[in-house]
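Report on the structure
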Amino acid sequence: MAATILGIHHVTAICGDPQQNVDFYTGVLGLRLVKLTVNFDDPATYHLYYGDGAGSPGSIITFFPYAEGRPGRAGTGQVSTTTYAIPKGSLQFWKDRLAGFEVQTQPCTAVDSVCFDDPDGLSVELLETEDFPTIEWTRGPIGAESAIRGIAGATLSEEGYEQTAKLLERMGFSLTAEHGNRFRYEIGHSFIDLLCQPDAAPAHGGRGTVHHIAFRTPDDAQQHEWRNALVKQDFNVSPVMDREYFHSIYFREPGGVLFEIATDPPGFSVDESLESLGTKLQLPPVYEPLRSQIEKLVTPLVLPAVD
């Protein structure tokens, strides 16, 4: 394929209480709330975006909050861990910070990382990483010497990994390491770990699980190339969908994980300034006439204060 994948664009997960989610990801982890909007497919529900100072592609995690939704179950066919890049030398800072917020840590595969669950049970890893590109968020609670840089990688739990590995290789990823049943594929500053678990139960979605993982492509033309190529490989690919801040196509990889290929542009400053990202509810034009009804349906939120 001539078209390019640049790495991970974002990860989208499902959470419960939206205020708890905002408090954890901005207050404990120190990410910037870069967009407060609604699920374009379910406008009675928020869509919360967190990232670096500019909401750069590769720094973003997003959430659909369903306060009354059922809890999910970890298993195969799912992104089971999201790994963030933190600066070299900041690991002890994070261990101390998590302990101060009474966040229980767990054993990690890597010695230079710390692992834990968010309040809904979503598995998170912070990994010391050199030279990870970022636009620093200087108005949050964590200094630049320790702040999260972006998404370094993700672990996919698979019943069998071979067909998914072939797809990643067609997308430009290269196998760089293997340890037991874990196989690491890398491109740019991103890695995907395939964790082969043939005896594990299948996952089911719900609170505390990842809905999909998105990969970066530079523009619409390359996204169309990817769509055409994937259709020729017999993948069932969605039409291009306009998500306001990027354009998206979706398909299931052979192990069942929902993949998205998203464009870098137009970015999160199309409907508010860089300075004011995430400070008020933004709606796509189709929903703007319904603003008063939508504002009555979504839960009022206390947004993070900035210095």
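Overview of the structure. Here the structure is a predicted model, which is why all the values come from computation and not from measurement. (Residues numbered from 1 in each chain as written. Predicted model: local features only at pLDDT ≥ 70, side-chain atom pairs only at ≥ 80, totals over all residues. Heavy atoms only, no water.)

**A closer look at the environment of G55**
Along the chain, G55 falls in the loop between β3 (42–51) and β4 (60–65). The exposure class of G55 is buried, given its relative accessible area of 5%. Separated by 223 residues in sequence, G55 and G278 place their C-alpha atoms 9.9 Å apart. Leave out the neighbours within four places in its chain, and G55 touches V34, I60 and F268. (Helix = DSSP H or I, 4+ residues; strand = E, 2+ residues; numbered from the N terminus. Buried < 20%, exposed > 50% of the residue type's maximum accessible area, 1.4 Å probe, protein only. Contact = heavy atoms within 4.5 Å.)

**Observations concerning the state of the cysteines**
Disulfides are covalent bonds that link the sulfur atoms of two cysteine residues. Across all of its chains, the model carries 1 disulfide by this definition. A disulfide bridge connects C108 with C115, and the sulfur atoms are separated by 2.0 Å. Given an S-S torsion of about 140°, the disulfide between C108 and C115 has right-handed geometry. (Disulfide = S-S within 2.5 Å.)

**Quick word on the nonpolar core**
Formed by 68 residues in total, the largest nonpolar core has its most connected members in Y25, I192, I213 and F259. Beyond its immediate sequence surroundings of up to four residues, I213 is in contact with I8, H10, V11, V79, A154, I192, V257, L258, F259 and E260. V34, F40, A214 and F268 belong to the second largest nonpolar core, which has 10 residues in total. (Core = buried A, V, L, I, M, F, W, Y, C linked by side-chain atoms within 4.5 Å.)

**As for the pattern of salt bridges**
Counted by the stated rule, this structure contains 11 salt bridges. The partner of D264 in a salt bridge is R216, with the nearest N and O atoms 2.6 Å apart. Within this pair, whereas D264 is found in strand β16 (residues 258–266), its partner R216 is found in strand β13 (residues 209–217), the two being separated by 48 residues in sequence. Notably, a salt bridge pairs E295 with R291, separated by 3.1 Å at the nearest N-O pair. Of this pair, E295 and R291 both sit in helix α5 (residues 291–297), 4 residues apart, which is roughly one turn of the helix. Take E295: its relative accessible area is 42%, and that puts it in the partly exposed class. (Salt bridge = Lys/Arg side-chain N within 4 Å of Asp/Glu carboxyl O.)

**Observations concerning unusual backbone geometry**
Residues apart from glycine generally show negative phi values, whereas peptide bonds are mostly found in trans. Each neighbour pair has its own omega, and for P265 with P266 the value is 5°, a cis peptide bond. Mapped onto the fold, P266 is located in strand β16. Even without a glycine there, the phi angle at E102 is positive, about 60°. Position of E102 relative to the elements: it lies in the loop between α2 (91–100) and β6 (105–106). Unusually for a residue other than glycine, E244 sits at a positive phi of about 70°. When you line up the elements, E244 lands in the loop between β14 (241–242) and β15 (246–252).

**Digging into the pairing of β4**
For β4, the tally of buried residues reaches 6 of 6 residues, placing the bulk of the element in the interior. Side chains I60, T62 and F64 project from β4 onto one buried face, and the interleaved I61, F63 and P65 project onto a second face that is buried too. Summarising the sheet, strand β1 (residues 7–15) and β4 pair through 6 bridges and their orientation is parallel. By the bridge assignment, H10 is partnered in β4 with I60. Both β3 and β4 contribute to a ladder of 3 bridges, which runs antiparallel. When the bridges of β4 are listed, Y49 appears paired with T62. (Pairing = 2+ DSSP bridges.)

Such coordinate-based values are descriptive only and should not be taken to indicate function.
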